[in-house]
Amino acid sequence: MLTRKQYELLVYIKKHLDTHGVSPSFDEMKEALALKSKSGIHRLITGLEERGFIRRLAHRARALEVVRLPENHLAAIHGAQLPASPARPQASNFQPNVIRGDFRQQLAGAVAAANASAATLPLYGKIAAGQPIEAVVDSSETVDVPGDMVGRGEHFALTVAGDSMIEAGILDGDTAIIRRSDTADNGEIVVALVDNSEVTLKRLRRRGASIALEPANRAYETRIFGPDRVRIQGRLVGLIRRYA
């Protein structure tokens, strides 16, 4: 397949040969294709020659011969028409292999689609990813998240405070998306309410009749509680991170 510039040059050379009987000069080709240097023309000609579309005739000045045109391509680019002939009828379905330039319109469409599928969750203050802190429950704030992040069930969001879960990729300032649940599998990252007054984000480990809340940072110690002191509030299902 030819690039757009290769095709434009091939059409121009063919038209010039049909009109003047000789191939165009490098300067004429450079001007016709609005290129800044002849080296660009040389690369295009070399590419066309390697693909078998043109041939250089030895010992003759300005000697280029068009061997063939691409099959099923229009013999026209930007209004440059090639004459049809019984031997080579003019095709009618050429599609330039170019990238559309309406990036702003495409981006706006993508943003609109994302907004249409967004879910609005209540943002319940901060949750400690270090030492537990008292839960701050304030449903006056909300946060929008991608719809495919939440799925089924009831969800809420909490802002992470601290660094005890950094080895699990959870950083200070992240927004944790939580699916409300009072149960969790061993090893899941959960929101745990300790002694009905403190809340923390940790990995759940069951050790016999005890519950361990395990950090993901070697600078912190695992804390172990009796089963009656810990209540699971939800399971982590996603994170949102903003970069200033």
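Fair warning: this is a prediction, and the values are worked out from it, not measured in the lab.

Thoughts on unusual backbone geometry
- In the Ramachandran plot, D195 falls in the positive-phi region, its phi being about 55° despite a non-glycine side chain.
- Mapped onto the elements of the fold, D195 is located in the loop between β10 (189-194) and β11 (198-207).
- Even without being a glycine, N196 presents a positive backbone phi close to 60°.
- Position of N196 relative to the elements: it lies in the loop between β10 and β11.
- Classification of N196 as exposed rests on a relative accessible area of 57%.

Structural notes on the confidence of the model for the chain
- Of the residues in the chain, 73% reach a pLDDT of 70 or more, and the chain-wide mean stands at 78.
- Confidence over residues 74-92 falls short of pLDDT 50; this stretch has 35 contacts with residues more than four positions distant or in other chains.
- Predicted confidence is poor over residues 94-99, with pLDDT under 50, and the contacts of this stretch with residues over four places away or in other chains come to nine contacts.

A short note on the pattern of salt bridges
- For the structure shown, the criterion picks out 11 salt bridges.
- One salt bridge in this structure joins D27 and K38, with 3.4 Å as the shortest N-O distance. Of the two residues, D27 is situated in helix α2 (residues 26-32) and K38 in helix α3 (residues 38-50); the sequence distance between them amounts to 11 residues.
- A residue is classified by how much of its surface remains accessible, and D27, at 42% relative accessible area, is partly exposed.
- Of the charged contacts in the structure, one is a salt bridge between R55 and E65, with a shortest N-O distance of 2.6 Å. Note that R55 is positioned in strand β1 (residues 54-56) and E65 in strand β2 (residues 64-66), a separation of 10 residues in sequence.
- Given the relative accessible area of 29%, E65 is considered partly exposed.
- What you see here is one network of salt bridges that share partners, running through R4, K5 and E8.

Reading guide: rules and limits
- Sequence order sets the numbering: in each chain, residues are counted from 1 along the sequence as written.
- Per-residue local features of the predicted model are confined to residues with pLDDT of at least 70, and side-chain atom pairs are confined, for both listing and counting, to 80 or more; whole-chain, interface and lining totals are unaffected and use all residues.
- Only hydrogens and water are removed before side-chain values are computed, so all heavy atoms of the structure are retained for them.
- Helix and strand labels come from DSSP, where a helix needs a run of H or I of at least four residues and a strand needs a run of E of at least two; each type is numbered from the N terminus.
- For every residue, the accessible area (1.4 Å probe, protein chains only) is compared with the maximum for its type, and the residue is labelled buried under 20%, exposed over 50%, or partly exposed between those bounds.
- The score called pLDDT rates the predictor's confidence residue by residue, from a low of 0 to a high of 100.
- Residues are treated as being in contact if the distance between any of their heavy atoms lies within 4.5 Å.
- Between Lys or Arg on one side and Asp or Glu on the other, a salt bridge is scored when a side-chain nitrogen of the former is within 4 Å of a carboxyl oxygen of the latter.

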